[in-house]
Amino acid sequence: MPIKVGILGFAHGHVNAYCAQWRSRQELGIEVVAGWDHDADRLRISSEALGVRPFDSIPELLAEVDAVVITSETSFHAELVEQAAAAGKAIILQKPISLTLPEADRIVTAIDAASVPFTMAWQMRVDPQNIQIKDLIAGGSLGKVLMVRRRHGLGVHLWNNFAQTWHNDPVYNRDIWADDAAHAIDFIYWLLGEPETVTAEVETLLDPAIPNDNGIAIFRYPGGPLAEVVCSFTCAAHENTTEVICERGTIIQNFGDVPSCNVPRPDGAVGLKWYDVETKLWTESSIPSPKAHGERIAALAEPLAEFLHGRRPAIATAEDGRTTLRIVLATYLSSREGRRVNFADF
């Protein structure tokens, strides 16, 4: 039997990619049947586009579904999770978990109290190349990890209308750094765990109406590695995405985000490779890079379906989402106060 799913909020565009996959791939066993949004126009447009029944009432929607995907504006996350959890529904939550730690605590408490299945929708954690990077590190063949760098970006701050979107409205969201640098920050947390200290510079460099468009964060781990997240949301094109420096080799990934995936690349360009100092050879991954970043987003639909069917664990728990938010908020504190932040004390 297909799992009946309702969408709570259509603000985050990634939900359209999940729904398209679930609709076209019947073998995934997901039937999107209902939608709700506080914005009546968006509800009407999205419901018609997806062919689902629109609901004005959240309780009425919850009575008709087995699970929900929450892709509303971030400020609604805690309230919607609480309602869905109290109704006993499985929950998929779009990133970031919330705007504040108290809101994240509400989400963790609601999930624990109701004991419902819950996962964050972190695409980088299920990307096949990223999983291979994690496996290479865990396998130990390249020795101790000394430094990790993840570059991530978008060109949204170059768009003429981006300042008018909900992403820049403090009623609904914090800013693009919290919203999207969180991807790369969660990637580092997924690879390496909680850092000891956080140091960051986050700046508004292009348009004063759209804050925090470029930033660099450094995470220190006792005895190593050092990890760096570099994010630009004024980036039109790029290539390199991930670098992992080890004592016996190096891992390089290219074409892992929008600016690097959606521009022309050389024919036969390798997405992931690693160098071993013992063999003095580069090994090329057999996992191809997607032709466009939208393929990476759409690929999340299958593991989310597997989660809803109980065939795989959560991609990331509510506690994971809270920890990633803590790290993100620590970068703001570091940048604002010009100091290294001890993560254990934050």
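Just so you know, these numbers come straight off a predicted model, no measurement behind them.

> Any chance you could explain the overall build of the protein chain here in plain terms?
A tally of regular secondary structure across the protein chain gives eleven helices and 15 strands. Over its C-alpha atoms the protein chain spans a radius of gyration of 20 Å, differing by no more than 12% from the 20 Å that the globule rule assigns to 346 residues. Dimensions of the protein chain, computed from the C-alpha atoms along their principal axes, are close to 60 × 45 × 40 Å. The long-range share in the protein chain, meaning contacts at least 24 apart out of those at least 6 apart in sequence, stands at 70%.

> Please clarify how the environment of Thr119 should be interpreted in this entry.
For Thr119, the location among the structural elements is in strand β6 (residues 118-120). A relative accessible area of 0% means that Thr119 is categorised as buried. With 202 residues separating them along the chain, Thr119 and Gly321 place their C-alpha atoms 8.9 Å apart. A polar side-chain atom of Thr119 sits 2.8 Å from the main-chain amide nitrogen of Ile315.

> Explain the nonpolar core here, please?
What tends to happen in soluble globular proteins is that the nonpolar side chains get buried as a cluster. Core analysis: the biggest nonpolar cluster contains 106 residues, and Trp22, Ile91, Trp177 and Phe219 have the highest contact counts within it. Excluding its chain neighbours within four sequence positions, the residues that come into contact with Trp177 are Ala182, Ile185, Val202, Asn212, Gly215, Ile216, Ala217, Cys231, Phe233, Val328, Thr331 and Tyr332.

> In this structure, what is going on with the packing of aromatic side chains? I would like to understand it.
For any two aromatic rings, the description comes down to two numbers: the centre-to-centre distance and the angle of the planes. What the rule picks out here adds up to five aromatic pairs. Cation over ring: Arg150 sits above Phe187, and NZ or CZ is 4.6 Å from the ring centre. Here Lys273 stacks its cationic end above the ring of Trp282, 4.6 Å away from the centre of that ring.

> For this particular structure, what's the right way to read the sheet that holds strand β13 (residues 272-276)?
In a beta sheet, neighbouring strands pair by backbone hydrogen bonds and run either parallel or antiparallel. With mixed pairing, nine strands are arranged side by side in an open sheet as β14-β13-β12-β11-β7-β10-β9-β8-β15. Edge positions in the sheet fall to β14 (281-284) and β15 (341-342), since each of these pairs with one other strand and no more. Bridge analysis of strand β12 (residues 249-254) against β13 gives five bridges, and the strand direction is antiparallel. By the bridge assignment for β13, Ile251 is matched with Trp274.

> What am I meant to see in the pattern of salt bridges here?
For the structure shown, the criterion picks out 17 salt bridges. Note that Arg339 and Glu337 form a salt bridge whose closest N and O atoms lie 2.6 Å from each other. By relative accessible area, which is 37% here, Arg339 ends up partly exposed. Among the ionic contacts, a cluster of salt bridges with common partners joins Arg25, Glu27 and Glu302.

> What should I look at first to understand a nonpolar patch on the surface in this one?
On the surface, a nonpolar cluster with roughly 470 Å² of combined accessible area is contributed by Leu146, Met147, Ile216, Ile218, Leu226 and Ile245. When residues of the nonpolar patch are traced back to their parent elements, those giving at least two are β7 (145-153) and β9 (214-220). With respect to the element layout, Ile216 can be found in strand β9.

> Before we go on, may I ask you to explain the side chain of Asp127 in this structure?
For Asp127, the position within the fold is in the loop between β6 and α6 (128-139). With near-sequence residues (within four places) excluded, Asp127 lies in contact with Gln253 and Arg296.

> Whenever I open this one, the sheet that holds strand β5 (residues 90-93) confuses me. Can you help?
The sheet built from six strands is open, its strands ordered β3-β2-β1-β4-β5-β6 with parallel pairing. The outermost strands of the open sheet, each flanked by one partner alone, are β3 (53-55) and β6. Within the sheet, the average angular offset between the axes of one strand and its neighbour, ignoring direction, is 25°. Sheet topology places strand β1 (residues 3-8) next to strand β2 (residues 30-36); six bridges connect them, and they run parallel. Within β2, the residue paired with Leu8 across the bridge is Trp36. Sitting on the sheet, helix α1 (residues 14-24) is in contact with β1, β2, β4 (67-70) and β5, with an inclination near 140° to β2. The strands touched by helix α10 (residues 301-308) are β1, β2, β4, β5 and β6; relative to β5, the strand with the most contacts, the crossing angle is about 155°.

> Mind showing me how you'd approach the packing of α1 against α10 here?
The packing of two helices is summarised by the inter-axis angle and the distance between the axes. At their nearest, the axes of α1 and α10 sit 9 Å apart, and the two run at 70° to each other. On the basis of their axis angle, the class for α1 and α10 is roughly perpendicular. Residues Tyr18, Gln21 and Trp22 of α1 pack against Ala301, Leu304 and Ala305 of α10. Looking at the contact of α1 with α10, its residues break down into five nonpolar, one polar and no charged.

> Honestly, helix α2 (residues 40-50) in this entry has me stumped. Any pointers?
Given 3.6 residues per turn, any residue in an α-helix points the same way as the ones three and four places further on. For α2, the full list of buried residues reads Arg42, Leu43, Ser46, Ser47 and Leu50. Projected down its long axis, α2 carries its buried residues within an arc of 120°, all on one side. Away from its buried face, by an angle of more than 90 degrees, α2 presents the exposed residues Ala40, Glu48 and Ala49. At its buried positions, α2 is contacted by α1, β2 and β3. Between a side-chain oxygen at the N-terminus of α2 and the backbone nitrogen of Asp41 the separation is 3.1 Å; the capping residue is Asp39. In the stretch just after α2, Gly51 is the one whose phi turns positive, near 70°.

What counts, and where the lines are drawn
Residues numbered from 1 in each chain as written. Predicted model: local features only at pLDDT ≥ 70, side-chain atom pairs only at ≥ 80, totals over all residues. Heavy atoms only, no water. Helix = DSSP H or I, 4+ residues; strand = E, 2+ residues; numbered from the N terminus. Rg over C-alpha atoms; globule rule 2.2 N^0.38 Å. Contact = heavy atoms within 4.5 Å. Buried < 20%, exposed > 50% of the residue type's maximum accessible area, 1.4 Å probe, protein only. Polar contact = N/O pair within 3.5 Å; in protein donor to acceptor, adjacent residues only side chain to side chain. Core = buried A, V, L, I, M, F, W, Y, C linked by side-chain atoms within 4.5 Å. Phe/Tyr/Trp six-rings, centres within 6.5 Å; stacked < 30°, edge-to-face > 60°. Lys NZ or Arg CZ within 6 Å of the ring centre and 35° of its normal. Pairing = 2+ DSSP bridges. Salt bridge = Lys/Arg side-chain N within 4 Å of Asp/Glu carboxyl O. Patch = residues over 30% accessible without salt bridge, like charges linked within 9 Å, V, L, I, M, F, W, Y side chains within 5 Å. Areas by Shrake-Rupley, 256 points an atom, 1.4 Å probe, with all protein chains shown as cover. Axes fitted to C-alpha atoms, helices over the stretch in contact; angles between N-to-C directions. Parallel < 35°, antiparallel > 145°, perpendicular 65-115°, else oblique. Nonpolar A, V, L, I, M, F, W, Y, C, P; charged D, E, K, R; others polar. Arc of directions from axis to C-beta.

Function cannot be read off these values alone, since they describe shape.
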